[in-house]
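Here are the chains, one letter per residue:
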Amino acid sequence: ASAQFQLAVPIAVVFAPGSVPGDLPRPLPFRDVQEMEISVNLRTTVTSRYETVYRSTTAQEEAALEAATAGEADAALHPLQDALLGSLTMYVVPETSSLLPQGISVYVGKHRSALVRAEGGLAALRIRLQELAQVMSFTASSITAALSDRVPDGQLGPDARRHLKSSLGYEITFSLLNPDPKSHAVEWDIEDAVNRYVQPVLDKLSLVANFSVDSQILYYAVLGVTPRFDKESSSFLLSAHSLPHVINPVEARLGSSAASLYPVLNFLLYVPERSHSPLYIQDKDGAPVSTNAFHSPRWGGIMVYNVEAPASPQASLPLRVDVDMVRVMEVFLAQLRLLFGLSREELPPKFLLESPGNEGLTDWELDRLLWAHTVENIATVSTTLTSLAQLLDKIGNIVIKDDVASEVYRAVAAAQNAMAELAAGHLHLAFQASKEAVTSSERAFFDPSLLHLLYFPDDQKFAIYIPLFLPMAVPILLSLAKIVREARQRKKEPTKMD
């Protein structure tokens, strides 16, 4: 199915006193619209519209910009901004401003705004604005990745298939693998760690999807690859090319994804057995990986946690091991960000990003996720309904119940609504509508009244009914033949005349 997406980004460019360029086309305030085409394929076009308002600062904004640091200014400006999801505010400060550190022209805050040093005229400002929109809302590559099912393989970047597909929910499982419980008694306070480090991130992401978290400890679960002993470092090594073979044997023990409705993200902490300690992961060039962890796209991540050998050889076994959860959670949260496509891309020069703090992601990163997921949801609905229509065409004697039809109508209306909200620049409403569309289209597609007909083609009907009807048909056919024969004979016999 063809689709024309229009993504409208509301932007405010706010000039602080002493930062207004001399070559503005008209006096402030004024509006300006710029459009860009993102090529996906012949039947899918994406137009991004940057709807910009240029204005001067208000007295409150001016006061906020007099803060000592960019971080303080960002926090003070946050309550004064348009809180609309997907919107951007760019505060232009004078060239001599001490708010921005030396050598930095653009500071991107935690929320939906940035501070930009006034350098050059309007043209230079527009270039900065474009760079900023690419960092803070969406890029051609993030939208193409969201529409990856419609894009020829050659056009996709290497990261496009890394990110998780958009879903209404995700299940996260933290597993501690202790293959050698005789030697190591491993303790981890996973509940506290999840509450402190993971929950704030999931609270922020709750707008995107529902999350459930569980944890487990697996004993005698070994990796599928025997590590190589390295004499020089007297340690064991796992090379990058053997890592894909590590997951399959472990996955058989995890057992969570089989019964799950939603994608499952697995985070595994592996404490190597004593005979293979210490164990280090090497990258493709043979250098040790600093985190001693690796991640698998759309699946999760594994971290190897080495136990220090006891000081005295007479130490009693099993050794008690208390896992340093701060170190572990740092790695797992970085992997979680990678799985959601929130990894930091290459930044334009002179850019500085504020770290998200313990929430794990900034407001604009959340927006980036919503842009991509909204577009992906609409594309998914379109594909699901097209497949359903093709399927129903093939089955001649199908009866479509009213509730299936109403789900289809609801899905189409919600998808159209999502498209309209995107074009109006209402990201939050567009995303909600796209989720409704996905729910309705899947309800229609997987409706039980259609399902059994899909697995009951015509040749199957003959195969089932012929053995039932043949035994009954034989005596009926023989009787019919007998009746016909008798009728013919009656015609041939001349009627007796008295």
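Definitions and cut-offs
- Residues numbered from 1 in each chain as written.
- Predicted model: local features only at pLDDT ≥ 70, side-chain atom pairs only at ≥ 80, totals over all residues.
- Heavy atoms only, no water.
- UniProt positions renumbered as here; feature names shortened; annotations may be inferred.
- Helix = DSSP H or I, 4+ residues; strand = E, 2+ residues; numbered from the N terminus.
- Rg over C-alpha atoms; globule rule 2.2 N^0.38 Å.
- Buried < 20%, exposed > 50% of the residue type's maximum accessible area, 1.4 Å probe, protein only.
- Areas by Shrake-Rupley, 256 points an atom, 1.4 Å probe, with all protein chains shown as cover.
- Lys, Arg positive; Asp, Glu negative; His and termini not counted.
- Charge placed at Lys NZ, Arg CZ, Asp CG, Glu CD.
- Pairing = 2+ DSSP bridges.
- Axes fitted to C-alpha atoms, helices over the stretch in contact; angles between N-to-C directions.
- Contact = heavy atoms within 4.5 Å.

An unreviewed UniProt entry annotates the chain as PIGS transamidase of Ibidorhyncha struthersii. Quoted verbatim from the Pathway (unreviewed entry) field of the UniProt record, the comment on the chain reads "Glycolipid biosynthesis; glycosylphosphatidylinositol-anchor biosynthesis." Quoted verbatim from the Subcellular location (unreviewed entry) field of UniProt, the annotation for the chain is "Endoplasmic reticulum membrane".

*Asks:* Can you walk me through the overall build of the chain in this structure?
*Replies:* Each helix and strand in the chain was counted, giving 12 helices and 17 strands. In summary, the chain has a C-alpha radius of gyration of 32 Å against a globular reference of 23 Å for 498 residues, an excess of more than 25%. Projecting the C-alpha coordinates of the chain onto the three principal axes gives extents of approximately 135 × 85 × 35 Å. Counting over 498 residues, the chain shows a buried share of 46%. Carbon and sulfur atoms make up 56% of the accessible area of the chain, which amounts to about 26,200 Å² in all. Looking at the chain, you have 42 positive and 56 negative side-chain charges, and the mean spots of the two groups are 11 Å apart.

*Asks:* Is there a simple way to explain the sheet that holds strand β12 (residues 264-270) in this structure?
*Replies:* In space, the five strands of this open sheet follow the order β9-β7-β12-β15-β14, with mixed pairing throughout. The open sheet terminates on both sides in strands that have one partner only, identified here as β9 (210-219) and β14 (293-296). Going from strand to strand, the sheet's axes swing by 15° on average, the running direction of each strand aside. Inspection of the sheet shows strand β7 (residues 169-178) paired to β9 by 10 bridges, in the parallel sense. Within β9, the residue paired with N178 across the bridge is Y219. Along the sheet, helix α6 (residues 244-254) makes contact with β7, β9, β12, β14 and β15 (300-304), crossing β9 at roughly 100°. Helix α7 (residues 325-339) rests against β7, β12, β14 and β15 of the sheet, and its axis sits at about 150° to β12.

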